[in-house]
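Here are the chains, one letter per residue:
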Amino acid sequence: MHSKAALESITRLFNIPSGFSVSDYSGRVSLFIDCLLQTKLCSLELTETLRSALTELQKVDCESEKHYQRKDLYSYLKSHPLFSTLMLINESEESAESMRLFMLLARLFLLRESDDYDAFLQFYKCFLHDRKSGVELTFDFLRDATSDELHVELEKVAELKGDSALTEFGRFMTTRKSRARAGKSNGPLSKANEHEHTLIESNSESVSYCEMSDELGREESAYLKRAAKVALTDEQERHKFKRKKAGLRNALYNSALNSAWSMNAATPAELGKLLDALTPAVHDGQFSQLKKEEAGFLSILFLRLLVGQQANDLILNNLAAKTNIKDAEDPVLSYELDRQKRHVSAKLTLNAALLETHEPTTRKFHYVHNTRITLQLPFPMQQVLNVAIRNITASKRHDETLLTALELSQNDYNNQLNRLLTASLLKKRGITRRAVESSFEHFAAEHLPQTFRSFLTGKASVQSHYISAERSLIEQTTQKLWLQFCERIGFEKIAITAAESASTLGSRFAYHDDVGSKITLREEALSALLSQLANEPVADYSSLENMVACLKTAAFYIYLRVASSVGLRPVSGPFPSIVHFNRSLGAMSVSDKRAHHSEERRLIVLPSAQVELITAFQNAARVLSRQLQVDEPQSIVMDFNADTLSWEQFSPSHVNQLLQQRAGQPLINHSFRHSAARRFLYENLNSETFKQSELDLLMNHSRAGVSSFNMHSLASLNDIVKQQRTRIESYDNEFERDDARVLNKLTALRVAL
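A quick note: this is a predicted structure, and the numbers were derived from the prediction, not measured.

Reading the values: the criteria
Residues numbered from 1 in each chain as written. Predicted model: local features only at pLDDT ≥ 70, side-chain atom pairs only at ≥ 80, totals over all residues. Heavy atoms only, no water. Salt bridge = Lys/Arg side-chain N within 4 Å of Asp/Glu carboxyl O. Helix = DSSP H or I, 4+ residues; strand = E, 2+ residues; numbered from the N terminus. Buried < 20%, exposed > 50% of the residue type's maximum accessible area, 1.4 Å probe, protein only. Phe/Tyr/Trp six-rings, centres within 6.5 Å; stacked < 30°, edge-to-face > 60°. Lys NZ or Arg CZ within 6 Å of the ring centre and 35° of its normal. Core = buried A, V, L, I, M, F, W, Y, C linked by side-chain atoms within 4.5 Å. Contact = heavy atoms within 4.5 Å. Axes fitted to C-alpha atoms, helices over the stretch in contact; angles between N-to-C directions. Left-handed = near helix turned anticlockwise from the far one by under 90°. Nonpolar A, V, L, I, M, F, W, Y, C, P; charged D, E, K, R; others polar. Expected span 1.5 Å × (residues − 1). Pairing = 2+ DSSP bridges.

> So what about the pattern of salt bridges? Which residues, and what values?
Considering all chains together, one arrives at 25 salt bridges under this definition. Across the pair Glu359 and Lys518 runs a salt bridge, and its minimum N-O distance is 3.1 Å. With Glu359 in the loop between strand S6 (343-351) and strand S7 (372-376) and Lys518 in the loop between strand S9 (514-516) and helix H22 (523-534), the pair connects residues that are 159 residues apart, well separated along the chain. Under the relative-accessibility criterion, Glu359 is labelled partly exposed at 41%. Note that Asp732 and Arg679 form a salt bridge whose closest N and O atoms lie 3.0 Å from each other. On the criterion of sequence distance, the pair formed by Asp732 in helix H29 (residues 717-732) and Arg679 in helix H26 (residues 671-686) is long-range, its members being 53 residues apart. Of the residues examined, Arg679 reaches a relative accessible area of 9% and is grouped as buried. In this structure, a network of salt bridges that share partners links the residues Arg561, Arg679, Asp732, Glu734 and Asp739.

Dropping the structure here:
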């Protein structure tokens, strides 16, 4: 590497401020780089860069060493924390203590990068502040120990010395959590929420599809993310990606299609063969015959099928224990052993606050939002856990991860699953570990709401913004599909415990038992608002002022009805022009989302009653426009401004103002789109007609271009519209009387004009 380029690279890597010359820091940085190279933890590319930089720095004539104090670097402490800390170490004689400090700082940098101010501040407090506390670990140990060994050893030293500052520092000797990619303030990567879906994962790379959304659930952008697990040069990365670009695009599309015979997931029958290869006792329901190792493996396998990767992080919580678990924010597996009946009752408590979203100003209009969700474990998990937990040492049955308690490492689990794939001959068919663990997700993809799956896996999707649901509905739906899945696997006897039945029935209509969207309007609030508009009296139609007021009220009613039925997005122009409204088809297309391309339009299927309301409004609006000698409305539904004698769109600000006037308190206009999603979900789940693709069509949610139309490409547009309208009208007729009142008013208004 060229000398200038080498120095520029370490300036960026270590975030060295421009106010210092190379001679000011060459001595300290040289020692620091030497420590980094000795750890042998850097990638090949970084190692080459560091060696080149070290060679150039050693050519620089160092000025006489200057001893820095913290006050000398005050303006750099927060903006350049690594460099500031580095300059506070005395390297004059390369003493053993100084070298230990350089090595420990190098290990801290590899874990926390150069901009973690809190980590480097704690390093200063522990080892540089009074220069009394040395690093009580050998240089060789600091160089050769793994990150976990170093973390544990620092905690032991801190405990022996009773040093709280060192204890705090030890917490920073762990891998830094991944941070959101930074972008411009209005860029696609600066949004509040990122939803990542893994498509391909191998020993060398992983490919994910990422969607970005803001606090209100508006989808802003989507991109493909590929992460190599082996360090490659930029040119190698570029060449490899070019070769795989077409394959990645096809994999993304096929994953979203979720086709029935996909090799991405094992079928239930194939999973049954895998279980047979382990032991026939599982199929026969003879769970008491399971060995300790078999019960432990099956516990993790079934949990991975249900909750995905969260199974690795589950903390055991013995309800009979006298102490509480330490970290209640982690996913928890709570259980209670029945010693007389030799049975275990177990349930999961998972995080339900998956997104950063706006809080409603007035909570009484919205469903209560819980941050945690508790679900009873279905068959056969409790039966398998009953054997597994009873074989765990009593001291490890509480406040330990399930994997730790079972003495089962991730490698042990993977190896066992690989052996079973080989023994069952599934490996020859191309079935992988990931395909096995994706079996239930694939089986239930169309009938288990995506947002319910998000609660189980702890991975939010865009649709998680919109759905608010009762815990019991989530549990009931999941359990029903899981038991169907078990039947397809081939279980001879499926037993539902009393605890499972009580969990779904006992709180079916609990008032404060909702999770998900924070701003979904309560049904009674929505009904009251629509009823108020529909029943607003009209003095008479002889006065032009009264007629304008009547038309304005009707227009606002139509807006709220459409928004709360078909999920109209709150944008500056929510309704399309007459060209994009087909009365005979009963549908319209709108351009309310441009995340994919500027001309993208969305099909909205309207209930028959709303088609009649829109048609009646258009007829009355045209007559009123001629009466007042103003232009007709450009969109199919608009509000009339009596002051300016012009038509205006139902923009978010305008709708918010109207809601404030009607409700007397601020409401978020996004709430009506959330209400549409909840109403559609509840009715179709209760009537057992729910399909995820139909909810996607209602909300206009798609991934990688695989919309509901792609999934039904052999069906005609008329058939899709008819089916979607049937789904909506099955519950939307609750406002039939209010619709009739508004329709009568519009008809009378047109006659009067």
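Back to the write-up after that little detour.
> Residues and numbers for the packing of aromatic side chains, please.
On inspection of all chains with the given rule, the structure shows 25 aromatic pairs. Between Phe287 and Phe379, the aromatic rings sit 5.9 Å apart at their centres with planes inclined by 80 degrees, giving edge-to-face as the arrangement. Taken together, the residues Phe287 in the loop between helix H12 (281-284) and helix H13 (292-307) and Phe379 in the loop between S7 and helix H14 (381-390) connect sequence positions 92 residues apart. Of the two residues examined, Phe287 and Phe379, each falls in the buried class. Lying across the ring of Tyr124, Arg70 places its NZ or CZ 4.6 Å from the centre. The residue whose ring lies beneath Arg673 is Tyr466, and the NZ or CZ to ring-centre distance is 4.8 Å.

> Can you break down unusual backbone geometry residue by residue, with the values?
A negative phi angle characterises most non-glycine residues, just as the trans form characterises most peptide bonds. Residue Pro380 is bonded to the preceding Phe379 through a cis peptide linkage, with omega at 0 degrees. Secondary-structure assignment places Pro380 in the loop between S7 and H14. For Asn15, which is not glycine, the phi dihedral falls at a positive 55 degrees. Position of Asn15 relative to the elements: it lies in the loop between helix H1 (3-14) and helix H2 (22-39). Of note in the backbone geometry, Asp399 takes a positive phi value of approximately 60 degrees without being a glycine. Mapped onto the fold, Asp399 is located in the loop between H14 and helix H15 (402-405). Relative accessible area serves as the criterion here: at 25%, Asp399 is assigned to the partly exposed category.

> Please set out the nonpolar core residue by residue, giving values where relevant.
By size, the foremost hydrophobic cluster in this structure holds 138 residues, and its most contacted members are Leu298, Leu333, Trp482 and Met588. Counting residues per element, this core draws most heavily on helix H23 (residues 544-566), which supplies 13 residues. When sequence neighbours within four positions are dropped, the list of residues in contact with Met588 reads Val562, Leu568, Phe575, Pro576, His580, Phe581, Arg602, Leu603, Ile604, Leu606 and Ile636. Leu86, Met87, Leu101 and Phe109 belong to the second largest nonpolar core, which has 56 residues in total.

> Kindly report on the packing of helix H11 (residues 268-278) against helix H20 (residues 471-489), identifying the contributing residues and their values.
Orientation of H11 relative to H20, taken along the N-to-C sense of each, is 65 degrees, at an axis distance of 7 Å. Here the hand of the crossing between H11 and H20 comes out right-handed. Note on element contacts: H20 touches H11 through Phe485, Arg488 and Ile489, opposite Pro268, Ala269, Leu271, Gly272 and Leu275. Looking at side-chain class alone, the contact of H11 with H20 contains six nonpolar, one polar and one charged residues.

> Describe H13, with residues and values.
Between the first and last C-alpha of H13 there are 22 Å, a value that for 16 residues agrees with the 22 Å anticipated at 1.5 Å per step. The buried count for H13 comes to 14 of 16 residues, which makes it a mostly enclosed element. Trailing H13 by a residue or two, Gly308 shows a phi angle of about 70 degrees, which is positive.

> Residues and numbers for the side chain of His654, please.
Turning to its location among the elements, His654 is positioned in helix H25 (residues 652-663). In this structure His654 comes out as buried when scored by relative accessible area, which is 10%. Excluding its chain neighbours within four sequence positions, the residues that come into contact with His654 are Asp639, Glu648 and Gln649.

> Report on the sheet that holds strand S12 (residues 602-605), specifying residues and quantitative values.
Sheet architecture is open: three strands sit in the order S10-S11-S12, paired in antiparallel fashion. The two strands at the open ends of the sheet, each matched to only one other strand, are strand S10 (581-582) and S12. Two elements, strand S11 (residues 587-590) and S12, share four bridges in a ladder whose sense is antiparallel. Bridge pairing in S12 places Met588 opposite Ile604.

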